[in-house]
Each structure stands twice: as structure tokens, then as C-alpha cells.
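The chain contents come next:
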Amino acid sequence: MKIGIVVFPGSNCDYDCLTSFSRLAKENGLTAEVGYVWHKESNPGTFDAYVLPGGFSYGDYLRCGAIARFSPIMEEVTAHAKKGRPVIGICNGFQILCESGLLPGALYMNRDLNFICEHVYLRTERNDTIFTSLCKSKEVLNIPIAHGEGNYYADDETLKKLEDEDLVAFRYCTGDGLVTPEVNPNGSRNNIAGIFNKERTILGMMPHPERAAEPGLGSSDGQKIIVSLLKNIAK
Amino acid sequence: MVESLPKDPLITPELIADHGITPDEYERLKGILKREPTYTELGIFSVMWSEHCSYKNSRKQLKNFPTEGLQVLIKAGEENAGVIDVGDGWAVAFKVESHNHPSAVEPFQGAATGVGGILRDIFTMGARPVINMNSLRFGRPNSGQVQQLVDGVVGGIAHYGNCMGIPTIGGDVYYDETYETNCLVNAFSLGIMKIDEIQRGEATGVGNPVFYVGAATGKDGIHGATFASTELTEESEAKRSSVQVGDPFMEKLLLEACLELFQTDHIVGIQDMGAAGLTCSTCETASRGGSGVEIDVALVPQREANMTPYEILLSESQERMLVIVKKGREEAVHKIFEKWDLHVVEIGHVTDDGLMRVKYNGKVVAEIPAREIADDAPLYDPSASKPKYLKAVSAWQLSELPQPGSDMTNILMKLLSEPTIGSKKDIYRRYDHMVRTGTVVLPGSDAAVFWMREADKYLSLAADCNGRYCYLDPVMGSRIAVAESARNIVCSGGRPLALTDCLNFGNPTKPEIFWQFKACVQGLKEGCEAFNTPVTGGNVSFYNENPEGAIDPTPLVVMVGQIDKKEHITTQWFKKEGDAVCLLDGLQDDSLAGIGGSEYLRRIHDLKTGNPPCMDLKKEKALQDALLKAITSGLIRSAHDVSEGGLAVCAAECCFTAPMEVESEAVKLGAKLDFTSVGSRTPRPDALLFGEQQSRVIVSLAPENVTALEEIAKEFGVKCDLLGTVTGEELEITLNQGTLIKAKVDDLKKAWRDAYKNAAGLSE
């Protein structure tokens, strides 16, 4: 399989995604070609999945992700997504997915207006998707966040739709899986940390699974998301 | 023929003085040129001979530092940063640099460009920066001005480092009156590379083109280096234009483009444009290459119309590099920078006449011998005299302090609530400290530990300096700075390799200040020799002074060490109920028992006096050797060195500093400790609990390993006291069967966690 990690000017989690995806593929006996795709590429060939990594594409100028959505590669990513092929956007990648309209809503400044880097708990809202099939029902994952603008916002109507159609992927929660305002790090609506598109082929999330993908880094819960995706592609 | 421009001002004694050039220096300058300078040339001399660039007051002293060692690949002063060997063909480049003055005037941009500047020093060496740290000194947080400074400086550092995708994994912060209007912002960066990828800042090969790459040049930062070389006054505000504005996005592009360039063999040299911008990079590359460089500044990309050659040469606009390209490879170099949407312009070429020749639309506006201006700056040996306050300091006796009451728990709480001692989480959670997935010990332990994935090597880093100790005894205080940073490395399971320093002082032309400087250099030198850790570079920041006086001398040390095996990585917090707690004590003797200069004396008794703790470097080395042997033998579960706040604070921190994955669920372990054996060599209980006597480490280990630890301690002549056991939810400390301290770990932790908020009056 071929996994394309898109490099925008200012992406900075591209290396972390590359190392974690390729290592986890290998550890799970999957043959995967994981490589970078430069954002100016308009004809990069076919990929089984695109990863939009974290970072500060275009320096977060104008709005996070607002300029990156106009990069030539985004036409290709959109066409790929429209065919029902998987896309995962992490942190800045999530912001780009929202800006490009592949996912609804927007990411506002954190409630306390500061950048926050720390481990948080996430409740997996459903485990029947290609991104979460290795998680138990409502499994609590320990995965870090690192963002200044991760406060998920959608208007009431959109929010209702997300909830009614079960499109919330992860919510900030306590270690026991309770969703409370106290453990919401950034003020996001309904403690949302990540969402799916309607077909659940696109996942956007603020936390960084690639930073919690091996035991030496405090948590390896992020593996479950990455390996779920890799295994489901291989199927 | 060198020509003045029509609009150049007349060179008068006042203009010369405004450029910070003394009459003697002006004569020296004319001697080098063998004529009067043009206005442009005067500007060039003023920045190159500023304290910041020339080290004219400090250079003679800095020669005393040990700089050699088997591990050293590039020595201090040779290039933009020192480089050391970490094995298997891998090397690291690292350096710390101050950005104190800019941060005092414009905290956010000042601190941000401090980070940007040090990063360029690292990647110009060919290394990819993978670690940032910083060392900050502020006034007491109860003033709104200090809170604004803290917020601005931390915000600026976060802004730049986070955007660059380089984790900020450690550092230190002190809050003391001495830094009230002179905050210190020292930024450190470390990069990794293959030994054969090391780049040089040399201009060689006559006819090779000289390229300007990166951001366009504006009028920001003109005379930044000169600004940094004077005291801060009311008028400093008016020099705000001296502060540069940073664009981390631009720097990220520049970094990636440069690293791509280094994978080719298209270039002979590269140098960043930092202090003194284009001027400094041009004459330094020519000087190192033993050549000349000719440039036409009209070709330089400019942000503003009608900039003069003087302004273009002196601008400290950020995110720019000078690249010396091999002739015939121009097209290939163009391609790389154009891919990253950066300016790339050929502005000149290498010559063989040894001159820095600057043209402006073909007209020669400056022509200066490159080697002379770069290397023959005036050198001074300012007079030094021992400060008068030291007499009273050294006469102070512990007996002058009233005997302590019984309320030791309360004092412990107060010390844990000191922002200097308390948690720094509010600061480091604003830094991305996890990107690049190598931060195997999160911020909050004695040393930061980073796994360099590319090389599969573990580095340990620690920043230390207690300015109050240095004020009270500069030699002792500086020895302690080196010793403590080395001790922190050893506590994490590593071997200290080399260090970089940032020497922050007042005005060197005042004899008492220069005496402090010389004594600190002496203390650092002794420390370096004791641990075989050469100085690989750094920075001197003088003039940290305002009308009320100078800061406490603050020779900051950042030590870099290496941990040989993953299994050796050790952290400071207790791990397991039932473990034994021991104190390893190298010194075992100090007449003041570490009370002089302590936080206890300063904050509880409001006294800034007494001889600081004693540092016997031989005994310290023995302690560190014993500890490292115990760790590498697999005996130790946690190790935390005794520093500010003494033994009681150290023991408390062992109970509750485990990283908080989620605050409410952090591991908290209590301990029952009997200090009777340590107490027998300490004059009184407050000294026992809060004295900052050096060369001591609290370790925890499985009870069955205590005998083996005692044997190792004996072998190295180190005392090992069994203090007690990790147990329960309280910290209880007894002496001769009497209780000294008894408190819930939860309460201790709360005081420690909210220290800054409470001190700043910000708690809800």
C-alpha cells in the first residue's frame, strides 16, 4: 500500500508521521510505502491514504489552514476523498480539512488563548470505523495535544447533525471516560477532539496519535488509530 | 576609490561617540584603513567592534577556559557553534545565547528572535536543530510589569520554537529582585548531524559567487549589537527600532532549504546573518577563508524603498543567510531556494585581496581589510577591584540567625510556594515539548532527556546558575553552576560531555563588576577541569544594569551529556511503595551548612548574605562517579539532587513531581524519613532541612539493593545514609525521634503547583 504524507511549507509533524506510520506498518507485517508528498505536486500518482500532518502550514497566517487549502495538492486530496479513500488530518491537518470543506466546523483559539502541550484522555466514540476498529467500545486513549487553536466550533445545526449521525470520533474525558467540562483543555463544543465525515472515511483530530505510538514516549495508545487504518487499508 | 554618498552625514566627534567608538578606537580604525572612514565604514566598525560582536572586554578572560577534549570536533570561537562527537559518526552542535536587552524592551519579539538567532547558529553548522531550552530570570512576580514580561517572553519563545517544530524540553527560571528591570533571556539550541556533514563559515575559492538567501532586508534591528552593549535607561524605549521582528515560518523554510542544500556539494561555506547582519557575515567568512569578499548591496532584496548602504549593511532583519557557492553551481542553488519560495540572489564574489569591499550600484562605499576588522578588534583588560559588600557577606555567621521555632512544616510550605522552587508547568505547557517524538523524559525532572531517533542516542541536558551564590562568592557560585549541571546529568543516568555558557553581567568598565566577571570565569574554569567538560562556545552579555545597579552575576551553564543505554535513564520522583530512601553525601561538612545564600535565608529571613554553599570539586566528582556507577549497575529507581530549598524541598519533590498525564491522576507517594544520621553533622534543624549544602543526592531503590549501594559509596569515599522508606500519603521527617515535618503530599503538591499563581496574586 502507499501512504502519502503531505508536506506543506511549515508542516512540522511530517517526520513524526513518517517514522510512526512506517514503523507500525513494519511491526504489523504490512508492506507499506510511506513517503512525503510535496504540496506543489498536482499529479502525485495514486495513494491508498493521505495524511495531513500537524505544524504551522504557511505560518498559520490569515487563519490556520486557510492558505494551505489552496495548495495544488489539495485538489488531489479532495478528489481522492471524494472516491471514498481515507484521509486523516492531525492538528494542523484537521484545521486544513475544515478550511477546505472536507469536514464541517472550525478550530478557534483555545479558551485560555495560550498554546497547550500535554497528555489528555480521549473517549473513542465508536469503534466500527477504519480508524478505530482496534479500539474497544468507548475505549479511553491517552494521547497528547499540542495546539494554540484547537477549540472545535460548529453552529448548533451542524453540531446536532454531527451528534445525531454519530460523527464525533473522540471527546476529551477523564481517565474513566467521563466527559466533563473540567477536562476539556481548549473549550471545544461538546468536548470534541476529533470528527468524521459522513462516510467515516475522513478523520480530523487535534490530538497527535503519532506522538503516542511507542512505549518510551509515555503512552502507546496512538498506535491503535494508526494500525487500525493501516490494517483496514490492507484488507 | 572609496566614495562617500551625497546624503552621508559629516563625521564629527559627536557622530563617532554616538556610534560607541572611543577616540582611541577611532585612531586604531584610521590606522587600519590608513585614511578617514566613510559614514558607511564608520557604521561597519561600530557594530563589529561593539562588545556584542568583538568581546573586547571579555576575550582575554575567556581564553582561560578549557576548550579541548577528545569529544570536541569544533572548538569554541572557531565557528558559529561548537560541535562534539557523540559516537558512530554522529555529532551535535549546540550553543546558548542571550537576548536580554531586546526582551526587556519588547518581550515577545525579543525572546522570539533570541530563539530564531540561536537556531540559525546551529543549522548554519549543517545540523538539524532538534532541542531547544531556555534559561529565564525575572523580578518578583507580584508586579504587573514582571507578569507582562513573563507572559511576553514565554509567548515569544513558544511562538518561534513551536512553529519551527523543535521541542523546547527544559531550562530553568528564577524570580528575584535583582532581575526586576533587567530580565535575562538565554536561549539554547542543539542540532544533530553526521560528522561528514559539518558546514563551515568560510569564503574560499577566488571567483566563487556569494549568495544572499532568505528573507528580505528591512530597517529593523539597525544597531542591535550596539544597543546590546550599553546599559538600559529610560531612553532605551526610544531605541525600540533596534529590536528585530521574527518570522518563524520564514525560518522554517530557510532551515529546510539549507538542509536540502547541505545534502549537495554545491557550496564551500555558509554563515547566518545574526548580530551585525550582512556586515558580520561578510567579513567573518572572508576572514576565516583568508580571502576577500566583494558585494553590491544594491542587489540585496529590500523590504523598503531607498535604503542606504549603511542601513542595508547594519540591518539585523531575521531569517537570512550568506552562502558561498561553487562557481558553476549557481543554477542548482537557485532551484533549491526557489522551491521553498525564498529570495536567492547573487550579490558578489570571493576575491584574493583580503578586503571586504562593499559597492552600491557599482560605486565602492566601503573597503576594509576583512581579517583586521573581524579579528583585530581592540582588546581591553578593564581594571578589577573586589566589591566592598563581600566583607560583610563573608563575616556573617549562622549564630546571627534566631533559633528556628517548631513550625518547620509551615516553612517547607512557604518554600514550595516560592515561584523559583515551584512548578514551571504553566510555562512549559505553552512550549511544544513533544514534537519529533524524542522527549523521553518530559520537563520537570533534574535533566531533560532526548532520544535522537536518527542516531539512536540519548542526550541529557541541564541548565543551571544561582546568581545569588555568584553575588556572594563568584568563584564558588560558578563552580556550583558547573557542578550542579553535571550532577543533574548524572542524576538522569548520563555522563557530562561538554558545556556552553552565557555570561550575564553588569557594566564591565566598573571595576567591581569586572572583578565579579573574572572570578566567575575562574570558577567556571575550575568546574570544567574537574568534570573534563570543555566549553564549546557561548556568549557574553554585559551591561545588564540600570540606574539602580547591576544584576547578580549570572554565568549560566548548559551542560550536554550522554546516556549510554536506555535502561540507565533515571528520573527524580519516587517510583514504588516500600522502596528505601538514601542520601548520598559527597561533602559531609560545611560550617554554614548551606544556609548562606539559601532560599530559606532570603525568603524566610529576608537576608541576602553569608558565604554560599561550599563546592569541593574533588568531593563532588566522587559523588557523581559513585551515583553514576550505582545507576549503571541498575540499583537506582530515582535520583534527585539537593539544591534550592535544601533536603526538605528535595524530599518533597521526590514525592510529587511525577509527570501529570492528567493532573488528577499523577502518581503521588509519601515517605517516612529519619534525618538523625544526617542531623548529627549539621548544627541545627533549619540548616538540616533547608540548607543548600552541595554534592548531595536523594535516591530511592529496592531495599535489597541498599547494601550494594553502600559498598559503591564506600569505594568512592561518599557517605550513604539510609533515611527511610517510600510509603503512605504523607511526608514525615523526624530527628532524634522528634517530628520535624509532617504534611499530606497532596497539600505540599498544591503549594508547589500554584506557586507562581499565588506569588503573582492570580489564583482564583
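Remember, predicted model here, so these are calculated numbers, not experimental data.

1. Focus: the overall build of chain B
Here is step 1: The secondary structure content of chain B amounts to 28 helices and 28 strands.
Here is step 2: By the compact-globule yardstick of 27 Å for 764 residues, chain B fits well, its C-alpha radius of gyration being 26 Å.
Here is step 3: Taken along the three principal axes of its C-alpha coordinates, chain B extends 90 × 50 × 50 Å.
Here is step 4: For chain B, the proportion of its 764 residues judged to be buried stands at 66%.
Here is step 5: Entry remark: accessible area of chain B is about 25,200 Å², with carbon and sulfur atoms responsible for 48%.

2. Notes on the domain arrangement of chain B
Interface size is often expressed as the accessible area that is lost when the parts come together.
Here is step 1: Along its sequence, chain B is organised into domain 1 (1-65 + 199-377), domain 2 (68-196 + 423-568) and domain 3 (570-764).
Here is step 2: Centre-to-centre separation of domain 1 of chain B and domain 3 of chain B, based on C-alpha positions: 51 Å.

3. Regarding the nonpolar core
Here is step 1: Grouped together as the largest cluster of nonpolar side chains are 119 residues, with contacts concentrated most on A:Phe21, B:Phe138 and B:Phe337.
Here is step 2: Not counting chain neighbours up to four residues away, the residues in contact with B:Phe337 comprise B:Val213, B:Leu254, B:Ala257, B:Cys258, B:Leu261, B:Leu342 and B:Val344.
Here is step 3: Judged by nonpolar contacts, the second largest core, of 60 residues, contains B:Val96, B:Met133, B:Met559 and B:Val560.

4. A word on the interface of chain B and chain A
Here is step 1: Counting from both sides, the interface comprises 32 residues of chain B and, opposite them, 34 residues of chain A.
Here is step 2: Roughly 2,800 Å² of surface becomes buried between chain B and chain A when both sides are summed, with 56% attributable to carbon and sulfur atoms.
Here is step 3: Scanning the region where chain B abuts chain A turns up six salt bridges.
Here is step 4: The partner of B:Asp432 in a salt bridge is A:Arg211, and the shortest N-O contact between them spans 2.9 Å.
Here is step 5: Taken together, chain B and chain A are joined by 12 residue pairs in polar contact (both at pLDDT 80 or more).

5. Description of the pattern of salt bridges
Residues and elements named next belong to chain B.
Here is step 1: Considering all chains together, one arrives at 76 salt bridges over all chains under this definition.
Here is step 2: In this structure, glutamate 256 engages arginine 128 in a salt bridge whose closest nitrogen and oxygen atoms are separated by 2.9 Å. Placement of the pair is glutamate 256 in helix H10 (residues 248-262) and arginine 128 in strand S4 (residues 128-138), with a sequence separation of 128 residues.
Here is step 3: Arginine 495 is the partner of aspartate 564 in a salt bridge, and the nearest nitrogen-oxygen pair spans 2.7 Å. Here aspartate 564 is found in the loop between strand S21 (554-563) and strand S22 (580-585), whereas its partner arginine 495 is found in strand S17 (residues 495-504), with 69 residues between them in sequence.
Here is step 4: With a relative accessible area of 32%, arginine 495 lands in the partly exposed category.

6. Regarding empty space enclosed by the protein
A probe as big as a water molecule, rolled over the atoms, marks out the empty space that is left.
Here is step 1: All told, the structure shown has six cavities of 30 Å³ or more when counted by the stated rule.
Here is step 2: Quantified by volume, the largest cavity comes out at close to 930 Å³.
Here is step 3: What lines the largest cavity is a set of 50 residues, and nearest its centre among them are B:Gly171, B:Asp172, B:Lys424, B:Gly444 and B:Ser445.
Here is step 4: Elements with a contribution of two residues or more to the lining of the largest cavity: strand S6 (116-124) of chain A together with strand S5 (168-175), helix H17 (425-428), strand S16 (457-464), helix H19 (474-491), strand S23 (636-641) and helix H23 (646-656) of chain B.
Here is step 5: A total of seven residues in the lining of the largest cavity trace back to one element, the largest contributor, which is S5(B).
Here is step 6: Within the lining of the largest cavity, the residues separate by chemical class into 22 nonpolar, 16 polar and 12 charged.
Here is step 7: Counting contributing residues, the lining of the largest cavity receives three or more from each of domain 2 (68-196 + 423-568) and domain 3 (570-764) of chain B.
Here is step 8: Quantified by volume, the second largest cavity comes out at close to 70 Å³.
Here is step 9: Every residue along the wall of the second largest cavity is listed here: A:His119, A:Pro144, A:Arg211, A:Leu217, B:Met434, B:Thr437, B:Gly438, B:Thr439 and B:Leu442.

7. Let's talk about the sheet that holds strand S9 (residues 292-296) of chain B
Residues and elements named next belong to chain B.
Here is step 1: The strand order across the open sheet built from seven strands is S8-S10-S7-S11-S9-S12-S13, with neighbouring strands paired in mixed fashion. Every other strand in the sheet has two partners, leaving strand S8 (267-272) and strand S13 (363-369) as the edge strands with one partner each. Sheet twist, expressed as the mean angle between neighbouring strand axes with direction ignored, is 25°.
Here is step 2: Judged from the four bridges that link them, S9 and strand S11 (residues 343-351) form a sheet pairing that is antiparallel. In the strand pairing of S11, glutamate 294 is matched with histidine 349.
Here is step 3: Packed onto the sheet, helix H3 (residues 39-48) meets strand S12 (355-360) and S13 and runs at close to 35° relative to S13.
Here is step 4: On top of the sheet, helix H13 (residues 330-339) reaches strand S7 (209-214), strand S10 (320-325) and S11; it is set at about 5° to S7, its chief contact.

8. A look at the packing of aromatic side chains
Here is step 1: Inspection of every chain in the model, using the stated rule, returns 19 aromatic pairs over all chains.
Here is step 2: Judged by centre distance (5.2 Å) and plane angle (45°), the rings of A:Phe47 and A:Tyr50 are tilted.
Here is step 3: On the basis of an interplanar angle of 35° and a centroid distance of 5.5 Å, the ring pair of B:Phe514 and B:Phe517 is categorised as tilted. In this pair, B:Phe514 and B:Phe517 are both assigned in helix H20 (residues 511-531), three residues apart and thus about one turn of the helix distant. Both residues of the pair, B:Phe514 and B:Phe517, belong to the buried class.
Here is step 4: Within the aromatic cluster, the residues linked to one another by ring pairs are B:Phe505, B:Phe514, B:Phe517 and B:Phe542.

9. Some remarks on the pairing of S9(B)
Residue and element names in this part refer to chain B.
Here is step 1: With five of five residues buried, S9 lies mostly within the body of the structure.
Here is step 2: Residues Gly292, Glu294 and Asp296 point to one face of S9 and Val293 and Ile295 to the other, with burial holding for every one of them.
Here is step 3: Taken together, the four bridges between S9 and S12 define a ladder with parallel strand orientation. Across the sheet, residue glutamate 294 finds its bridge partner in S12, namely arginine 357.

What counts, and at which threshold
Per chain, the residues get numbers from 1 upward, laid out in the order the sequence is written. Chains carry letters and ligands carry numbers; both start at the beginning, A for chains and 1 for ligands, and go up in the order they are written. Owing to the predicted nature of the model, reporting of local features is limited to residues with pLDDT of at least 70; listing and counting of side-chain atom pairs is limited to 80 or more, with chain, interface and lining totals taken over all residues. Computation of side-chain values covers all heavy atoms of the structure but excludes hydrogens and water. Only DSSP runs of H or I covering at least 4 residues are called helices, and only runs of E covering at least 2 are called strands; the numbering of each starts at the N terminus. Atoms counted for the radius of gyration: C-alpha only. Globule rule: 2.2 Å times residue count to the power 0.38. Only protein chains enter the accessibility calculation, which uses a 1.4 Å probe; a residue is then buried when its area is under 20% of its type maximum, exposed when over 50%, and partly exposed in between. Method for areas: the Shrake-Rupley scheme with a 1.4 Å probe, in which residue coverage is limited to the protein chains shown. Note that domain bounds follow an automatic or database assignment of domains. The set of buried Ala, Val, Leu, Ile, Met, Phe, Trp, Tyr and Cys residues whose side-chain atoms join them within 4.5 Å is what this entry labels a nonpolar core. Residues count as neighbours in contact if any of their non-hydrogen atoms are within 4.5 Å of one another. Two parts placed together each lose some accessible area; with a 1.4 Å probe, that loss summed over both constitutes the buried area. By convention in these notes, a salt bridge is any Lys or Arg side-chain nitrogen within 4 Å of a carboxyl oxygen on Asp or Glu. Polar contact is defined as a pair of N or O atoms within 3.5 Å, subject to the rule that within protein one atom must be able to donate a hydrogen and the other to accept it, and that residues adjacent in sequence are counted only when both atoms are side-chain atoms. Within this scheme a cavity is a closed region of a 1 Å grid, computed over the protein atoms alone, that accommodates a 1.4 Å probe without allowing it to escape, whereas a pocket is open but has protein on both sides within 12 Å along at least five of seven lines; lining residues each have an atom within 4 Å of a point. Grid points are joined across faces, edges and corners, and a volume is the space filled by probe spheres set on the points. Ten residue types, Ala, Val, Leu, Ile, Met, Phe, Trp, Tyr, Cys and Pro, are classed as nonpolar, four, Asp, Glu, Lys and Arg, as charged, and the remainder, Gly among them, as polar. DSSP-based pairing: two strands are paired if at least 2 bridges between them are found. To get an axis, a line is fitted to the C-alpha atoms, and for a helix only the part in contact is used. The angle between two axes follows their N-to-C directions and goes from 0 to 180 degrees. Each pair of aromatic rings taken from Phe, Tyr and Trp, with Trp reduced to its six-membered ring, is defined by centres within 6.5 Å and is described as stacked if the planes are under 30 degrees apart, edge-to-face if over 60, and tilted in the remaining cases.

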